[in-house]
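# Reading the structure
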Amino acid sequence: MASSNPFDLLKDDDSDDPSALIAAAQRHKGAESAAVAVPKKGAAAGTAKAAAPAAKLPTKPAPPAQAGMRGEGKKRTSRGRQMKCLVPNRFSLSRLFIFSSQPKCLSLYVSISTNQNHDLESRSRFHAMVPINYMKPKTHDNLGSKRSPRLDHLTYKYVVPCNRMITQYVKAGDLDSALRVFDEMKVRTTVTWNSLLAGYGRKPGLLKDAREVFDRIPEPDIFSHNTMLACYMRNGDVEGARDIFGGMPVKDIASWNTMITGLAENDRMEEALGLFLAMPEKNSVTWNAMISGYVELGDLDSSVSLFRDDPFKSEVAWTAVISGYMKFGKVEMAEKLYGEMPLVNLVAMNCMIAGYVENGLSEEALKFFRRMVACGFMPNPSTLSSVLIGCSNLSSLSLGRQVHQFVYKSPLYLETTVRTSLLSMYCKCGVLDEAWSLFNEMPRKDLVTWNSMISGYAHYGKSDKALFLFNRMTREKIKPNWISFVAVLSACNHGGLVELGQQYFHSMTNDFGIETKPEHFTCMIDLLGRAGKLTEAIKLIEEMPFKPHSAMYGALLGACRLHKNTDIAEFAAKKLLEIDPKTVTAYVQLANTYASVRRWDQVARVRCCMKDNRIIKTPGYSWIEINSVVHGFRSSERAHSELPLIHEKLTELEKKMKLAGYVPDLESALHDVGKDQKEQLLLWHSEKLAIAFGLMRTPRGLPIRVFKNLRVCNDCHNAIKYISALEERELIVRDTTRFHHFKNGSCSCGDYW
């Protein structure tokens, strides 16, 4: 049966050809005619109001006529039902005009409005809805007029739908389509101009265009001024915003709030405070802007003081102060304030989870997340992003997979942000196969997605795949950013690709117009240093356009230890201590460099300096997750409940390794003790303890994943290669710089790390 709704024509028709749409409308009209009893010729002669009999429509029967209603009333009701089915009303056409593509709407309007079979009343109703380019007002030319024209009833009927359509396009971010509708309008109201101005104000970088629109408004109102004010602030032009604000004939509370919020977002809190004190009437938005502004500026005391005086204390203000406490590491204060909130919401919960993660309390973040879900709160992409970062920090692959299963069953799985967070989690846990599968399954990939996958391959030592993916990204016309080049330079660094890394470093500025940042120079210094080009690394530091930071000298110092260059190590350590006198890296790396050349007197001197300055070395620490339980080990561990069995397993492995040709690298034992004691210290390194425990507690054939807080030493790296071959197991070790995937006696890093 043919559909009785003419709008069904648009459901399966994606054509933008007006003629095709008109033809479809005519086919529909023919189908409807077959369902209507056609009167005999002459049956309605002599009367202009004669109507065709009611159609037999597949709908519920009309309700019976009320008592006292005339007979023609029932006929009129039936005729009205027929008209409702065959002829759309003004409201339905208005909705169609807003939500359908413009060519289809215009074609449908034209086909209906030019149909000669409709009665005069229906045709005039349709004609009032036809877009402006088909209704040619003869007396109004709004472009050059000083005042908006006075609207009559007929003009109002088509201006309002056009305004609605412009608003819908602006909300959808389609400014070009909004402008096309605007240009076709011969009559425009202030609402029309304001809608278009809001479109320009939403997008940064269109300040000049927005100003041109504002200057052309015949009668700008308070909304026009407020929109222009927000546009100036969004583009960082505080002076221009101040001029607009000062020239406003009338200021409402939104004007003051826009100005205060813009000043706060541009880190001008003193000016914002001046306006805040001068403001005649304040609302919760005003207080929220000031409290949040002080938090972002880092003035927590002022933020807390304002919060205490805030008469509204909205959820935004509570959350801003909680965020401030977390930002400054005052976790207990944040927990206390969160407990005092009269009504918690998802934003506050996200703030707590993110704060825990940022303060190194990932376990607390995951516990909080479990409680949140148990209480029935549905997480959003921001929640899951923080939770998955926590899983990555703890290297908790099992919990990350649980989150993946949870997300997979919810609409959140359609979010690109959520899938990218999952992909990043798998990369950081060393499961590149699952990360790659997720990457290929994603229908939409943003720049963050590409960067995450490139970075994952880079840190896994698969430089060729990382660079291939970067080149593929650029071929697909996705412009890289500075983070993309950090990943690319890291890939070159881990692969020892010095010349290629230098080419990418220069092309970043020359070919892509991306400004170099300290992170790029740190990668290049590490790349040159690992390759033994220490002099070139120092030259690069000296030629930098900005002041070096600690990570650069830290990378240089690590390269000196690797190549046993004590002279440059002393220079780098001195510079590092000038930047950060309390850094542990300078002392430890310098001592290790002296130890590598057996200058034990200098090692002792450095350690005495550490003791005098109360510098505590971070102990080596490794952990492994088995059956959703994380087991941690320190070097020369003494507290684990199964330590005797672990030592027994290690002794057994050592015998097998020595039979296979393993020789302990005593230079990795950075203590002035005897040979036997050095071998014992090396055997009890934290990563070896974790691997032995994993071999004891995991089924044969499953890979073992171990994570370490320091760089893997040469002896452990060599020993783990032997263990992977003897035990026929894949051993995946992540240290501070990269992943090492050991399999069949070799490592994915190619012994270059």
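For clarity, every value in this text was computed on a predicted model and none was experimentally measured. (Residues numbered from 1 in each chain as written. Predicted model: local features only at pLDDT ≥ 70, side-chain atom pairs only at ≥ 80, totals over all residues. Heavy atoms only, no water.)

Looking only at helices and strands, the chain has 37 helices and six strands in total. By residue count, 47% of the 753 residues in the chain fall in the buried class. Of the contacts formed within the chain by residues at least 6 apart in sequence, a portion of 62% connects residues at least 24 apart. (Helix = DSSP H or I, 4+ residues; strand = E, 2+ residues; numbered from the N terminus. Buried < 20%, exposed > 50% of the residue type's maximum accessible area, 1.4 Å probe, protein only. Contact = heavy atoms within 4.5 Å.)

A few words now on the sheet that holds strand β5 (residues 739-743). The sheet built from six strands is open, its strands ordered β2-β1-β3-β4-β5-β6 with mixed pairing. Either end of the sheet is taken by a strand with one partner, and the two such strands are β2 (629-634) and β6 (746-747). Sheet analysis places β5 next to β6, joined by two bridges and oriented antiparallel. Bridge pairing in β6 places Lys743 opposite Ser746. (Pairing = 2+ DSSP bridges.)

Before going further, it helps to spend a moment on the confidence of the model for the chain. The share of residues in the chain with pLDDT of 70 or more is 79%, and the mean pLDDT across the chain is 82. Below pLDDT 50 for its whole length, residues 1-150 participates in 164 contacts with residues either more than four positions away or in separate chains. (pLDDT = per-residue confidence, 0-100.)

Met228, Met453 and Leu556 are the most contacted members of the largest nonpolar core, which totals 160 residues. Dropping the residues within four chain positions of it, Leu556 is found in contact with Ile525, Leu534, Ala537, Ile538, Ile541, Ile568 and Ala572. Counting residues in each nonpolar core, the second largest holds 29 residues, with Leu650, Met657, Leu689 and Ile691 among its members. (Core = buried A, V, L, I, M, F, W, Y, C linked by side-chain atoms within 4.5 Å.)

Once that is clear, we can look at the pattern of salt bridges. With the rule as written, the count across this model stands at 20 salt bridges. Here Glu239 makes a salt bridge to Arg268, at a shortest N to O gap of 3.5 Å. Placement of Glu239 in helix α11 (residues 238-247) and of Arg268 in the loop between α12 (253-265) and α13 (269-278) is noted, with a sequence separation of 29 residues between them. We classify Glu239 as partly exposed; its relative accessible area is 43%. Judged by relative accessible area, which is 28%, Arg268 ranks as partly exposed. (Salt bridge = Lys/Arg side-chain N within 4 Å of Asp/Glu carboxyl O.)

This brings us to the side chain of Asp526. Considering the arrangement of structural elements, one finds Asp526 in helix α28 (residues 518-530). Ignoring anything within four residues of it in the chain, the contact list for Asp526 reads Asn493 and Ala555.

One can describe the packing of helix α31 (residues 566-579) onto helix α32 (residues 584-596) by two numbers: an axis separation of 9 Å at closest approach and a directional angle of 170°. One way to sum up the angle between α31 and α32 is to call them roughly antiparallel. In this structure, α31 contributes Thr566, Ala569, Glu570, Ala573, Leu576 and Leu577 to the contact, and α32 contributes Thr585, Ala586, Tyr587, Leu590, Thr593 and Tyr594. Grouping the constituent residues of the contact of α31 with α32 by class yields eight nonpolar, three polar and one charged. (Axes fitted to C-alpha atoms, helices over the stretch in contact; angles between N-to-C directions. Parallel < 35°, antiparallel > 145°, perpendicular 65-115°, else oblique. Nonpolar A, V, L, I, M, F, W, Y, C, P; charged D, E, K, R; others polar.)

Attention now moves to the pairing of β2. Where strand β1 (residues 621-626) and β2 come together, six bridges link them in antiparallel fashion. By the bridge assignment, Glu625 is partnered in β2 with Val630. Counting the residues between successive antiparallel strands, the hairpin from β1 to β2 contains two residues, one of them, Asn627, with a positive phi of roughly 55°.

Attention shifts here to the packing of helix α18 (residues 346-358) against helix α19 (residues 362-374). With their axes 7 Å apart at the nearest point, α18 and α19 run at an angle of 155° to one another. For the element pair α18 / α19, the angle class is roughly antiparallel. Here α18 and α19 pass one another in a crossing that is left-handed. Taken together, the residues of α19 that come into contact with α18 (itself represented by Leu346, Met349, Met352, Ile353, Tyr356 and Val357) are Ser362, Glu364, Ala365, Phe368, Phe369 and Met372. (Left-handed = near helix turned anticlockwise from the far one by under 90°.)

Structurally, the position occupied by Ser622 is in strand β1. For Ser622, a relative accessible area of 0% gives the class buried. Within the structure, Ser622 has its side chain in polar contact with the backbone nitrogen of Glu687 (distance 3.3 Å). (Polar contact = N/O pair within 3.5 Å; in protein donor to acceptor, adjacent residues only side chain to side chain.)

The next thing to look at is the pairing of strand β3 (residues 704-708). The element β3 is extensively covered by neighbouring structure, given that four of its five residues are classed as buried. Inspection of the sheet shows β1 paired to β3 by three bridges, in the antiparallel sense. Bridge assignment links Ser622 to a residue of β3, and that residue is Lys708. As defined by bridge partners, β3 adjoins strand β4 (residues 731-734) across four bridges and the pair is classed as parallel. Looking across to β4, one finds that Ile704 is bridged to Leu731. On the question of chirality, the crossover connecting β3 to the parallel β4 by way of helix α37 (residues 714-727) is right-handed. (Right-handed = clockwise from strand over helix to strand, strands pointing away.)

On to α37, then. Helix length check: α37, at 14 residues, gives a terminal C-alpha distance of 20 Å against a target of 20 Å (1.5 Å per residue), a fit within 8%. Buried residues of α37: Asp715, Cys716, His717, Ala719, Ile720, Lys721, Ile723, Ser724 and Glu727, and no others. Looking one or two residues past α37, Glu728 carries a phi angle of roughly 55°, positive in sign. (Expected span 1.5 Å × (residues − 1).)

Assignment of secondary structure puts Ser463 in helix α25 (residues 463-475). Among the residues examined, Ser463 registers a relative accessible area of 6% and is labelled buried. With 32 residues separating them along the chain, Ser463 and Gly495 place their C-alpha atoms 5.7 Å apart. With residues up to four places along the chain from it excluded, the contact list for Ser463 reads Tyr457, Ala491, His494, Gly495 and Leu497. A distance of 3.4 Å separates a polar atom in the side chain of Ser463 from the backbone nitrogen of Gly495.

By the definition in use, this model includes 23 aromatic pairs. Measuring from ring centre to ring centre gives 5.1 Å for Phe307 and Trp318, while their planes differ by 80°; the resulting arrangement is edge-to-face. With a gap of eleven residues between them, Phe307 in helix α15 (residues 300-309) and Trp318 in helix α16 (residues 315-327) connect regions that are remote in the sequence. With respect to burial, Phe307 and Trp318 carry one shared label: buried. Here Phe439 and Trp450 contribute two aromatic rings whose centre-to-centre distance is 5.1 Å and whose plane-to-plane angle is 85°, an arrangement assigned as edge-to-face. Of the two residues, Phe439 sits in helix α23 (residues 432-441) while Trp450 sits in helix α24 (residues 447-459), which places them eleven residues apart along the sequence. Side by side, Phe439 and Trp450 carry an identical accessibility label, which is buried. Connected via pairs of aromatic rings, a cluster forms that spans Trp436, Phe439, Trp450 and Tyr457. The side chain of Lys313 reaches across the aromatic face of Phe307, ending 5.3 Å from its centre. (Phe/Tyr/Trp six-rings, centres within 6.5 Å; stacked < 30°, edge-to-face > 60°. Lys NZ or Arg CZ within 6 Å of the ring centre and 35° of its normal.)

In this section: α24. The end-to-end C-alpha separation of α24 is 18 Å, in line with the 18 Å expected for 13 residues at 1.5 Å each. Inspection of α24 places Thr449, Trp450, Asn451, Ser452, Met453, Ile454, Gly456, Tyr457 and Ala458 among the buried residues, and these make up the whole buried set. Structurally, α24 contributes buried residues whose contacts are with α22 (416-428), α23, α25 and α26 (482-495). With a side-chain oxygen lying 3.3 Å from the backbone nitrogen of Val448, the N-terminal cap of α24 falls on Asp446.

So, about the state of the cysteines. Taken as a whole, this structure holds zero disulfides when the rule is applied. Cysteine Cys427 is unpaired, with the sulfur of Cys429 as its nearest cysteine sulfur at 9.6 Å. A relative accessible area of 5% means that Cys427 is categorised as buried. Free of any disulfide, Cys747 has its nearest cysteine sulfur in Cys749, 3.4 Å distant. (Disulfide = S-S within 2.5 Å.)

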